[in-house]
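Each chain is listed here by its residues.
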Amino acid sequence: TFRRTPTSRAVAGWNQQTPAGFVFALKVPQQISHFARLRNIARPFARFLDTVAGLGDKRGPLLLQLPPNFRKDAGRLRRFLARVPPTVRMAVELRHSSWLDDEVYDLLRARNAPLCIADTEEGTTPVIPTADFGYLRLRDRAYTRTELTRWAAVAARGEWRDAVVYFKHEESGGGPRL
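A. Examining helix H5 (residues 102–111) more closely. If you check which residues of H5 are buried, you get Val 104, Tyr 105, Leu 107, Leu 108 and Arg 111. Down the axis of H5, the buried side of the element spans an arc of 155 degrees, and every buried residue falls inside it. Of the residues in H5, the exposed ones pointing more than 90 degrees away from the buried face are Asp 102 and Ala 110. Along its buried surface, H5 packs onto helix H4 (74–82) and strand S3 (90–93). If you check the start of H5, you find a side-chain oxygen 3.1 Å away from the backbone N of Glu 103, and it comes from Asp 101. At the C-terminal side of H5, Asn 112 shows a positive phi close to 55 degrees.

Take a look at the structure:
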């Protein structure tokens, strides 16, 4: 998670240090999502997009993760999504329940932006396809084989041409094993 946009030098280093075929999953900086809450973000968002473009083919879908205390403001989300170029895959994680309604789902569909399906100890985002790809963040403490099979079926939904799935990253390193 970035508080601010990484430097071009850092992004060039990441690009150099990773093999062909490696794909980065980046979050929109908190400066935009948490501190500005999607207000007056034209310049910092453009700078972020320009900087991460330095990853070339290694830039994967970006994630806009809104803070849990940020209540629904469809206008702000609409204006933000309008700034996302069509070549950028952008997922949106809405952590306040007020966002979870048809108006917001329609905004996401209009931009082909998936609602991030987040599974945490506190609960799970509804599985509502809003794009031609899925974006899942499996953040619970542990998953049984049965739960993993269920999540694999979600990731393989027919509405999605592909899905990206991220597991919790922690010191024990169990995410890659899952």
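B. Just the packing of aromatic side chains, in detail. A full pass over the atoms with the stated rule returns six aromatic pairs. Aromatic side chains Phe 22 and Phe 24 sit 4.9 Å apart centroid to centroid with 65 degrees between the ring planes, which places their arrangement in the edge-to-face category. Of the residues examined, Phe 22 reaches a relative accessible area of 36% and is grouped as partly exposed. Note on Phe 24: relative accessible area 13%, which makes it buried. Between Tyr 143 and Phe 167 the ring centres are 6.1 Å apart and the planes differ by 75 degrees, which places this aromatic pair in the edge-to-face class. On the criterion of sequence distance, the pair formed by Tyr 143 in the loop between strand S6 (133–138) and helix H6 (145–155) and Phe 167 in strand S7 (residues 162–167) is long-range, its members being 24 residues apart. An aromatic cluster is defined as three or more aromatic residues linked by ring pairs; in this entry it consists of Trp 14, Phe 22 and Phe 24. The ring of Phe 133 is capped by Arg 89, whose NZ or CZ atom sits 3.8 Å from the centre of that ring. The residue whose ring lies beneath Arg 157 is Trp 160, and the NZ or CZ to ring-centre distance is 6.0 Å.

C. Looking closely at the environment of Leu 49. In this structure, Leu 49 sits in helix H3 (residues 42–52). Not counting the four nearest positions on each side in its chain, Leu 49 is found in contact with Leu 62, Arg 83, Pro 85 and Val 88.

D. Summary view of the nonpolar core. Within the largest apolar cluster, 40 residues are counted, with the highest numbers of intra-cluster contacts made by Phe 45, Leu 64, Leu 77 and Phe 80. Of all the secondary structure elements, the ones that give two or more residues to this core are strand S1 (24–27), H3, strand S2 (59–65), H4, S3, H5, S6 and H6. Residues contacting Leu 77, with those up to four places away along its chain left out, are Leu 38, Leu 64, Val 92, Trp 99, Val 104, Leu 107 and Leu 108. The next biggest cluster of nonpolar side chains, apart from the first, holds six residues, and it includes Ala 91, Ala 118, Tyr 135 and Val 164.

The rules behind each value
Residues numbered from 1 in each chain as written. Predicted model: local features only at pLDDT ≥ 70, side-chain atom pairs only at ≥ 80, totals over all residues. Heavy atoms only, no water. Buried < 20%, exposed > 50% of the residue type's maximum accessible area, 1.4 Å probe, protein only. Helix = DSSP H or I, 4+ residues; strand = E, 2+ residues; numbered from the N terminus. Arc of directions from axis to C-beta. Contact = heavy atoms within 4.5 Å. Polar contact = N/O pair within 3.5 Å; in protein donor to acceptor, adjacent residues only side chain to side chain. Phe/Tyr/Trp six-rings, centres within 6.5 Å; stacked < 30°, edge-to-face > 60°. Lys NZ or Arg CZ within 6 Å of the ring centre and 35° of its normal. Core = buried A, V, L, I, M, F, W, Y, C linked by side-chain atoms within 4.5 Å.

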